[in-house]
Amino acid sequence: MNGLNQPKKMNKILILFAHPALEKSRSQRVLLKSAEKLEGVTINDLYESYPDFDVDIHREQKLLSDHDIIVWQHPLYWYSGPALLKQWMDLVLEHGWAYGKDGRALKGKRVFNAFSSGGGKDAYAASGMQHCTISQVLMPFQRTAELCRMAYLPPFWVQGTHRLDTQELNEYGRLYRKLLIGLRDDYYSAGEIEPVDCLNDLFTKN
Amino acid sequence: MYLAAAVVFVPFARKLGLGSVLGYLVAGIVIGPYLLGFIGEEGQDLMHFAEFGVVMMLFLIGLELEPDTLWRMRKSIVGLGGLQLILTTILVSLIARSFEYSWSESLVLGMILSMSSTAIALQTLSEKGLMKTGTGQRAFAVLLFQDIAVIPILAILPLLATNVIAATTTDTHTLNWVDGKPGWLKALIVFGSIAGIIAAGRFLIRPLLRIVAKTRAREMFTSFALLIIVGIAVLMSKVGLSSALGAFLAGVVLANSEYRHELESDIEPFKGLLLGLFFIAVGASVDFHYIMQHPLQILIWLLMIMTIKSLVLLVLGRFFNLSLDQNFIFSFTLSQVGEFAFVLLSFALQQNILSGETVNLMVAVVATSMAMTPLVILLNEKLILPRFAKKEEEEKPADEIDERNQVIIAGFGHFGNTIGRLLRANKISATYLDIDSDRVELLRRMGFKVFYGDASREDLLRSAGAEHARVIVIAIDSPERRLAMIETIKKHFPNLHMFVRATNRYDSYDLMNAGVLHIYRETIDTSLRVGVDVMSLLGIRKYTAQRLARTFFKYDEENLKKLSSIRDPDEYLSEAKKYIEEIEVVLQSDVGKPILDQDESWDPDSLRREAIENANHG
């Protein structure tokens, strides 16, 4: 716990938000609201910016360059993100810019998924209903980050969304906001983050 | 009788590509006193009655022209129109003088013969879809100036009457308010009535139209519209002005009003009918006995007048920036002597300025020149214009040799040019067809492969490479031309894929009936985009709004097909009525349809229910 009183520097956080029907999602609305109006946090609402899937590559690359921590915030659909998030990756993470011999634009940045899923932790285990862990599910995101020379952090996970009541949802929102502020102000050390399965655990363990 | 003749001859003339004017004229000649003799003496009365068609036409033209547009045209009206009138008058007068007419006679003849026929020229131009082009605008400017010029000419004529004794005896049958009043009072009455028309249009007619419209009785509106025109025509002739001019003025005043389209669709059929009668009357009034007796004299005058008029117009057209091919159309369209000449000639006869002999000769010349016009225009199209097209092609032989474009785009207006630009931006070259030679010239300068002419002609399509192309985009304005084009293509180039622009739903039905598979309503995409943006501003997510609009579009296209199949294609309705009824049917079919939110994508409700059930069971 360093820099409690005087943060060394303020990280800039970019939330890449993807939900095709936000009006139908309780959990994502709560998360998004919690992230709003935070200094140093930019929300990039992909489905609102590119309803026709025509992603503006230059704008997106500039946004990435201007931020230190990237968040893929999305619901988990068929063991992945919504279609536009994949489209975003396909178009924005160009060879020679994001990866490859000369692709160093993202080097050293940190990235993680902030996602919601219908199933909970008990389902995502080798012995559970899904027969695999959540880190195995998120492997494509992790590999993408690593190929782009970024540090892939554990995810922030809203579990079992269908069974959550309003109070529980709001608690997730509060934690998410706390997490964003903490990451922005370098409140957590790498040593603290590395061992946890989910960033949610930072709060439960302390 | 007249109608029967028209019904027989007009479609025939159209089929032959001669235009309906010629059809009417021929019908008139055939049923006239010299061939079948169905109309005899009453032909002259018919003419007076049918002149109302001309008045209505000018009212309609006025409706199309807002005062601003008119003001912008002032240069060509005064400049082009004025010069045409003055130059033609001088030249004709000089020649008349050399035919041993007196100076005053020559001058009168010059003025009278410099008039062109508004009815024939404008009808011809609008039938060919040229009203909005440079040719059409300039021709209109000239005609308008001539209409205005009738006023001073009528005023000057009595002054030229050398035979003073005779001049005083005539006024018995012209019940005219201004005759015999001093000059200043005449002027006052004339300007007073013009101001009166403008003021009435603004402050009287519009409120009255509103009241009449509220009664919702369609015949009331029609009869009121007719009343306006008849009233103005009577008033104008009472003060000694051209009633066509008055009607035009009233049209311009009402051009800004909300009832413009309603008035248009109400008057249109009357205009068409009366104008047709007018042309028939002109045909019937061609005095073949007189022509047989003086064939040489008439022929000489005819050739001379039409040559002089064409030459003057050609020279002026050159100065007023018309390209050569447009200039030919412009000049030949206005080369005849018009219906005002009949009025002026009889007036001159009353005033004893011209002898009965001269007037007879001139009436024959005028009538034959009007009858000749469609033929001259036809000759121009078949013989002169193709030469230009060929010449231009020879200049750029490189275009012709290897390059065979897969795409032909017919019509490079606002619709076609976007398609063309998109294709060109992506290196897909296309061949273009357009009827506006200004645009053709521009496109050629920009390196497009362009052909000038009516895209529904089989030979033009063939020379544009329709045999080898894969796709033709039909983007021309006129629904009728589009249908004509589709028929030609189906007959001669059945392998060509047609992508066709449609103006509205009704137009789409016609295209569906014609068997077109790719139909594009020209405003549907834009309107839906506006709808999407409105929904977005109201807080609906953009992606959702877009999906809703796409769903709506699919539904609407389906609905179009359904409505098309239950529609009775033989039913005739006026344009405006057609539109309103169509909207009614569409809105009714919309009711109760769950257009919004038809799909359940990303909807977690059922998942949530299942999850809770499972939790309860476990």
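Coordinates for the structure precede this section.
Keep in mind it's a predicted model, so treat the numbers as computed, not measured.

Rules used in this analysis
Residues numbered from 1 in each chain as written. Chains lettered and ligands numbered in written order. Predicted model: local features only at pLDDT ≥ 70, side-chain atom pairs only at ≥ 80, totals over all residues. Heavy atoms only, no water. Helix = DSSP H or I, 4+ residues; strand = E, 2+ residues; numbered from the N terminus. Contact = heavy atoms within 4.5 Å. Phe/Tyr/Trp six-rings, centres within 6.5 Å; stacked < 30°, edge-to-face > 60°. Buried < 20%, exposed > 50% of the residue type's maximum accessible area, 1.4 Å probe, protein only. Buried area = accessible area lost by both parts, 1.4 Å probe. Salt bridge = Lys/Arg side-chain N within 4 Å of Asp/Glu carboxyl O. Nonpolar A, V, L, I, M, F, W, Y, C, P; charged D, E, K, R; others polar. Pairing = 2+ DSSP bridges. Right-handed = clockwise from strand over helix to strand, strands pointing away. Axes fitted to C-alpha atoms, helices over the stretch in contact; angles between N-to-C directions. Left-handed = near helix turned anticlockwise from the far one by under 90°.

A.B. asks: Looking at this structure, how should I read the overall build of chain A?
C.D. replies: The secondary structure content of chain A amounts to nine helices and six strands. Contacts in chain A between residues at least 24 apart in sequence constitute 75% of all its contacts with a sequence separation of at least 6.

A.B. asks: I tried to follow the packing of aromatic side chains on my own but got confused; where do I start?
C.D. replies: What describes a pair of aromatic rings is the distance from one ring centre to the other and the angle between the planes of the rings. Applying the stated criterion to the full structure yields 16 aromatic pairs over all chains. Measuring from centroid to centroid gives 5.9 Å for Tyr 47 of chain A and Phe 53 of chain A, while their planes differ by 75 degrees, and the two rings are edge-to-face. Here Tyr 506 of chain B and Tyr 509 of chain B contribute two aromatic rings whose centre-to-centre distance is 6.0 Å and whose plane-to-plane angle is 65 degrees, an arrangement assigned as edge-to-face. Of this pair, Tyr 506 of chain B and Tyr 509 of chain B both sit in helix H24 (residues 505-513), three residues apart, roughly one helical turn. With a relative accessible area of 14%, Tyr 506 of chain B lands in the buried category. The class of Tyr 509 of chain B is buried, set by a relative accessible area of 0%.

A.B. asks: Explanation requested: the interface of chain B and chain A in the structure shown.
C.D. replies: Interface extent is often summarised as the accessible area lost during association of the parts. Each partner contributes to the interface: chain B provides 18 residues, whereas chain A provides 17 residues. Both faces combined, the contact of chain B with chain A buries some 1,600 Å², and carbon together with sulfur accounts for 53% of it. Looking only at chain B, the three residues that lose the most surface to chain A are Arg 541, Tyr 543 and Trp 602 of chain B, adding up to 44% of its buried area. Applying the counting rule to chain B against chain A returns two salt bridges. Put simply, Arg 541 of chain B and Glu 48 of chain A hold a salt bridge, and the shortest N to O gap is 4.0 Å. Put simply, the parts of the chain that give the side of chain B that touches chain A at least two residues each are helix H26 (542-566) and helix H28 (605-617) of chain B. The biggest single contributor to the side of chain B that touches chain A is H28 of chain B, with five residues. Classifying every residue of the side of chain B that touches chain A gives eight nonpolar, four polar and six charged.

A.B. asks: I keep staring at the pairing of strand S1 (residues 13-17) of chain A and nothing clicks. Help me out?
C.D. replies: Regular strands place their side chains on alternate faces of the sheet. Residue and element names in this part refer to chain A. Counting buried positions along S1 gives five out of five residues, so the element sits mostly inside the fold. Judged from the five bridges that link them, S1 and strand S2 (residues 41-45) form a sheet pairing that is parallel. Looking across to S2, one finds that Ile 15 is bridged to Ile 43. For the segment spanning S1, helix H1 (residues 26-35) and S2, crossover handedness is right-handed. Bridge analysis of S1 against strand S3 (residues 69-75) gives five bridges, and the strand direction is parallel. Pairing of Leu 14 across the sheet is with Ile 70, part of S3.

A.B. asks: Got a minute to help me understand the sheet that holds strand S1 (residues 407-410) of chain B in this structure?
C.D. replies: Each strand in a sheet pairs with another by means of backbone hydrogen bonds, the pair being arranged parallel or else antiparallel. Residues and elements named next belong to chain B. Sheet architecture is open: six strands sit in the order S3-S2-S1-S4-S5-S6, paired in parallel fashion. If you trace the sheet from one side to the other, it starts and ends with strand S3 (449-452) and strand S6 (518-521), each paired once. Shown here is a sheet whose adjacent strand axes are inclined to one another by a mean of 20 degrees, direction ignored. As defined by bridge partners, S1 adjoins strand S2 (residues 430-434) across four bridges and the pair is classed as parallel. If you follow Ala 410 over to S2, its bridge partner there is Leu 433.

A.B. asks: Looking at this structure, how should I read the packing of helix H25 (residues 524-537) of chain B against H26 of chain B?
C.D. replies: Relative orientation and spacing of two packed helices are given, respectively, by the angle between their axes and the distance between those axes. Residue and element names in this part refer to chain B. In the contact formed by H25 and H26, the axes pass within 9 Å of each other and the chain directions differ by 145 degrees. Once H25 is placed against H26, the crossing between them reads as right-handed. Contacts between H25 and H26 involve Ile 524, Leu 528, Val 532, Met 535 and Ser 536 on the former and, on the latter, Lys 542, Ala 545, Gln 546, Leu 548, Ala 549, Phe 552, Phe 553 and Asp 556. Taken together, the residues of the contact of H25 with H26 sort by class into nine nonpolar, two polar and two charged.

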